[in-house]
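Per-entry structural report
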Amino acid sequence: MKCPICGAAELEHDTRDLPYTYKGNHTVIPAVTADYCPVCNESITDNAESERVMEIMRIFANKIDD
Ligand SMILES: [Zn+2]
């Protein structure tokens, strides 16, 4: 599948640690399985994985906002 964002490259299915930044604070979301674009660095996750990633982001944001 071509990247739906930039259309320039085939996506690579992979599991990677995904860096995440919230209000200048950095963390890494471990072992995110997604289709990654090598050109624009977009990552396309399926629904279940999206929910897991969003949940980790939410918990991280809550800790910073406390
Ligand atoms: Zn792309």
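The structure reproduced in this document is the subject of the present report. (Residues numbered from 1 in each chain as written. Predicted model: local features only at pLDDT ≥ 70, side-chain atom pairs only at ≥ 80, totals over all residues. Heavy atoms only, no water.)

**Re the packing of aromatic side chains**
Short version of the rule: Any Phe, Tyr or Trp ring, taking Trp's six-membered ring, that has another such ring centre within 6.5 Å forms a pair; planes under 30 degrees apart are called stacked, those over 60 apart edge-to-face, and the others tilted. Only runs of H or I of at least four residues qualify as helices and only runs of E of at least two qualify as strands under DSSP, and these elements are numbered from the N terminus. Accessibility here uses a 1.4 Å probe with only protein chains present; expressed as a share of the type maximum, an area under 20% marks a residue as buried, one over 50% as exposed, and anything in between as partly exposed. Our definition puts a charge over a ring when NZ of Lys or CZ of Arg is within 6 Å of the ring centre and also within 35 degrees of the ring normal.
What the rule picks out here adds up to 1 aromatic pair. Considering the side-chain rings of Tyr20 and Phe60, the 6.0 Å spacing of their centres and the 65 degrees angle between planes classify their relative orientation as edge-to-face. Taken together, the residues span a long stretch of sequence, with Tyr20 in strand E1 (residues 12–22) and Phe60 in helix H1 (residues 47–65) at a distance of 40 residues. Judged by relative accessible area, Tyr20 falls into the buried class, the value being 18%. The ring of Tyr36 carries Arg16 above its face, with NZ or CZ at 4.3 Å from the centroid.

**Some thoughts on the pairing of E1**
Filter applied, for reference: A strand pair is defined by DSSP finding two or more bridges across the two strands.
Taken together, the 10 bridges between E1 and strand E2 (residues 25–36) define a ladder with antiparallel strand orientation. Bridge pairing in E2 links Glu12 to Tyr36. Joining the antiparallel neighbours E1 and E2 is a turn of 2 residues, in which Lys23 adopts a positive phi near 50 degrees.

**Some words on unusual backbone geometry**
Its identity as a non-glycine residue notwithstanding, Lys23 has a phi of 50 degrees, on the positive side. Positive phi, normally seen in glycine, also occurs at Ala31, with a value near 50 degrees. Turning to its location among the elements, Ala31 is positioned in strand E2. Taking relative accessible area as the criterion, Ala31 reaches 40% and is therefore assigned partly exposed.

**Regarding the coordination of the zinc ion**
Selection criterion: Water is not among the atoms examined, so metal sites may look incomplete; donors are the N, O and S atoms within 2.8 Å of the metal, or within 3.2 Å for Na, K and Ca. Tetrahedral means four donors with every angle between 85 and 135 degrees, whereas square planar (four donors) and octahedral (six donors) require angles over 155 degrees between opposite donors and between 65 and 115 for all others; sites fitting neither are termed irregular.
In the first shell of the zinc ion, the protein supplies Cys3 (SG), Cys6 (SG), Cys37 (SG) and Cys40 (SG), at 2.2 to 2.3 Å from the metal. Coordination at the zinc ion comes from 4 donor atoms whose angles at the metal span 106 to 114 degrees, giving a geometry best classed as tetrahedral. Along the chain, the residues donating to the zinc ion fall in the pattern C-x2-C-x30-C-x2-C. Of this pair, Cys3 sits in the segment before E1 while Cys40 sits in the loop between E2 and strand E3 (43–44), and the two are 37 residues apart along the sequence.

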